[in-house]
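Spelled out from the first residue to the last, the chains are:
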Amino acid sequence: MQIDSVEVRHIRMQLTAPFETSFGVESDREALIVAVRVGELVGYGEVVASAAPLYSYETVQTAGHILRDFLVPDLLRRPFEHPAELDGRWAFIRGHNMAKAGAEAACWDVWARAQGISMAQALGGVKAEALVGISLGIQPSIEATLERVAAAVERGYGRVKLKIKPGWDVEMVGAVREAFPTLALMADANSAYTLDDAPLLKKLDAFGLTMVEQPLAYDDIFDHRKLQAQLATPICLDESIHSPAHAAAAIELGSCRIINIKPGRVGGLEASRRIHDICAEHGVPVWCGGMLETGIGRAHNVALASLPNFTLHSDISESARYYHQDLVEPEFVLGGNSTLAVPNGPGIGVAVLAERLDAVTLASQRVGR
Ligand code: OSB
Ligand code: MG
């Protein structure tokens, strides 16, 4: 398949509510939308880098640079037979996984459309519905947190993730557990602790959390091993896992018992599939992480979460949880049993709204024929 042209748009969308984590607050979501054209067909991908390098070193600006100067010229220069080739082909570019993943996703979409199959089929998905949960940012008070959890449960979410940081952890999680004794609960620290905090983190064991996500440094696998040995609660790694090799190492070392797969963080859907397979071979369950995606990234994530080893709730909530109006139609709406239906139309299976996309575009560049 030869790509005729590539368009990269820098977008900004207001979130329905500010999202606070241990590393900062986001009120507006910036991202890049990549559109690749092959004849009459268009494929879409989303680069999940943020405006600031707080979750990872990548930003919309660094990703724009990598796309413009390396990935897009490479895509226009030579064809691919299958989008799964691109991961290996782009290994010459060190890192910049979010930039790669956005371009790769657009290629998967256009390729799947050309085959007349859905993204889920293209990836080997087996589920008609993806199991999903909700990730709640840090709230101003425990009372406000309990209200947000109640609203999420009321809405039908079967798993709630609570963001924690030093000073906003044991007491808050304990209060939520007391109010919701049987709810599937987890906590995400986004690297806010060190191994010295092990005694404090051990207190979370009392609350029967499904997992604690990325408690230690964003680039650590070794200390997580030491912490996991002391905790009853399974550790899930997010920030530390950037490749199938990292996943294999973390599993073999015993640094985690669960892995959160974000295509952007690991360099794309092909790398995500490989991590999924490695985890499945080792009996390690996975779930799809979220980066407050628009409907474009969300559609790709839902397709990925239809693979068999995505047995835990993913951070893929319905469109309205993030945005007043999404970029796609139909929007993602929560179904029964805390699921989102996996689209079965060609490619991402949802229509990208051109006017809506134009309305949120700050800048765009198109290269090619
Ligand atoms: O750590 O999982 C994270 C959002 C931005 C950056 C990092 C994370 C998150 C979330 C939100 O938790 C998940 C979602 O998209 O709903
Ligand atoms: Mg996380």
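I will try to describe carefully the structure that is included in this document. (Residues numbered from 1 in each chain as written. Chains lettered and ligands numbered in written order. Predicted model: local features only at pLDDT ≥ 70, side-chain atom pairs only at ≥ 80, totals over all residues. Heavy atoms only, no water.)

The next point concerns the packing of aromatic side chains. Applying the stated criterion across every chain, the model contains three aromatic pairs. With a centroid separation of 6.3 Å and 55° between ring planes, the pair formed by Phe23 and Tyr55 is classed as tilted. Here the residue Phe23 occupies a position in the loop between β1 (5-21) and β2 (24-38), and Tyr55 occupies one in the loop between β3 (41-47) and α1 (60-77), the gap between them amounting to 32 residues. A residue is classified by how much of its surface remains accessible, and Phe23, at 27% relative accessible area, is partly exposed. The ring of Trp287 carries the charged tip of Arg159 above its face, separated from the ring centre by 5.2 Å. In this structure, Arg321 is placed above the aromatic ring of Tyr322, and the distance from its NZ or CZ to the ring centre is 5.2 Å. (Phe/Tyr/Trp six-rings, centres within 6.5 Å; stacked < 30°, edge-to-face > 60°. Helix = DSSP H or I, 4+ residues; strand = E, 2+ residues; numbered from the N terminus. Buried < 20%, exposed > 50% of the residue type's maximum accessible area, 1.4 Å probe, protein only. Lys NZ or Arg CZ within 6 Å of the ring centre and 35° of its normal.)

Applying the stated rule across the entire model yields 22 salt bridges. A salt bridge links Asp188 to Lys161; the shortest N-O distance between them is 3.1 Å. Here Lys161 lies in strand β6 (residues 159-163) and Asp188 lies in strand β7 (residues 184-188), a separation of 27 residues in the sequence. Lys161 sits in the buried class, given a relative accessible area of 2%. (Salt bridge = Lys/Arg side-chain N within 4 Å of Asp/Glu carboxyl O.)

Attention now goes to the site of ligand 1. Inspection of the region around ligand 1 gives 16 residues, with Ser135, Lys163, Asn190, Leu292 and Tyr322 positioned closest. In this structure, an oxygen atom belonging to ligand 1 sits 3.4 Å away from a main-chain N or O atom of Met291. The separation between an oxygen atom of ligand 1 and a polar side-chain atom of Tyr322 is 2.6 Å. For ligand 1, whose accessible area on its own is 390 Å², the fraction buried by protein is 99%. Its residues assigned to classes, the shell around ligand 1 comprises six nonpolar, three polar and seven charged. (Near = heavy atom within 4 Å. Polar contact = N/O pair within 3.5 Å; in protein donor to acceptor, adjacent residues only side chain to side chain. Areas by Shrake-Rupley, 256 points an atom, 1.4 Å probe, with all protein chains shown as cover. Nonpolar A, V, L, I, M, F, W, Y, C, P; charged D, E, K, R; others polar.)

Moving on, we come to the sheet that holds strand β8 (residues 212-213). Ordered by their spatial adjacency, seven strands build an open sheet running β5-β6-β7-β8-β9-β10-β11, and the pairing between neighbours is parallel. Sheet topology places β5 (134-136) and β11 (286-288) at the edges, where each strand pairs with a single neighbour. For β7 and β8, the ladder comprises two bridges, and the chain directions are parallel. Its bridge partner being in β8, Asp188 is matched across the sheet by Glu213. In the packing of helix α5 (residues 142-155) onto the sheet, the strands contacted are β5 and β6, and the crossing angle to β6 comes to about 155°. Across the sheet, helix α6 (residues 170-179) is in contact with β6 and β7; its angle to β6 comes to roughly 160°. (Pairing = 2+ DSSP bridges. Contact = heavy atoms within 4.5 Å. Axes fitted to C-alpha atoms, helices over the stretch in contact; angles between N-to-C directions.)

Another aspect to go through is helix α3 (residues 97-115). For α3, spanning 19 residues, the distance from its first C-alpha to its last is 26 Å, which sits close to the expected 27 Å at 1.5 Å a residue. Of all the 19 residues making up α3, 16 are buried; the element is thus mostly covered by neighbouring parts of the structure. Gly116 sits one or two positions beyond α3 and adopts a positive phi of about 70°. (Expected span 1.5 Å × (residues − 1).)

Moving on, we get to the environment of Phe310. Position of Phe310 among the secondary structure elements: in the loop between α12 (295-304) and α13 (319-322). For Phe310 and Gly125, which are 185 residues apart along the polypeptide, the C-alpha to C-alpha distance reads 9.9 Å. Leave out the neighbours within four places in its chain, and Phe310 touches Lys127, Ile261, His276, Val286, Trp287, Cys288, Leu304 and Ala305.

Another point: the side chain of Arg89. Relative to the elements of secondary structure, Arg89 occurs in helix α2 (residues 85-89). Under the relative-accessibility criterion, Arg89 is labelled buried at 11%. Looking at Arg89, its side chain comes within polar contact range of the main-chain oxygen of Pro79, at 3.1 Å. If we ignore the near neighbours within four places in the chain, the residues touching Arg89 are Asp74, Leu75, Arg78, Pro79 and Phe80.

Let us now look at unusual backbone geometry. Cis geometry is found at the peptide bond from Glu329 to Pro330, where omega equals -5°. Locating Pro330 in the fold gives a position in the loop between β12 (328-329) and β13 (339-341). Here the phi dihedral of Leu292 falls at roughly 55°; this positive angle occurs in a residue that is not glycine. A residue is classified by how much of its surface remains accessible, and Leu292, at 10% relative accessible area, is buried. In this model, Asn337 sits at a positive phi of 55°, which is unusual for a non-glycine residue. Within the element layout of this structure, Asn337 appears in the loop between β12 and β13.

These figures capture arrangement, not role.
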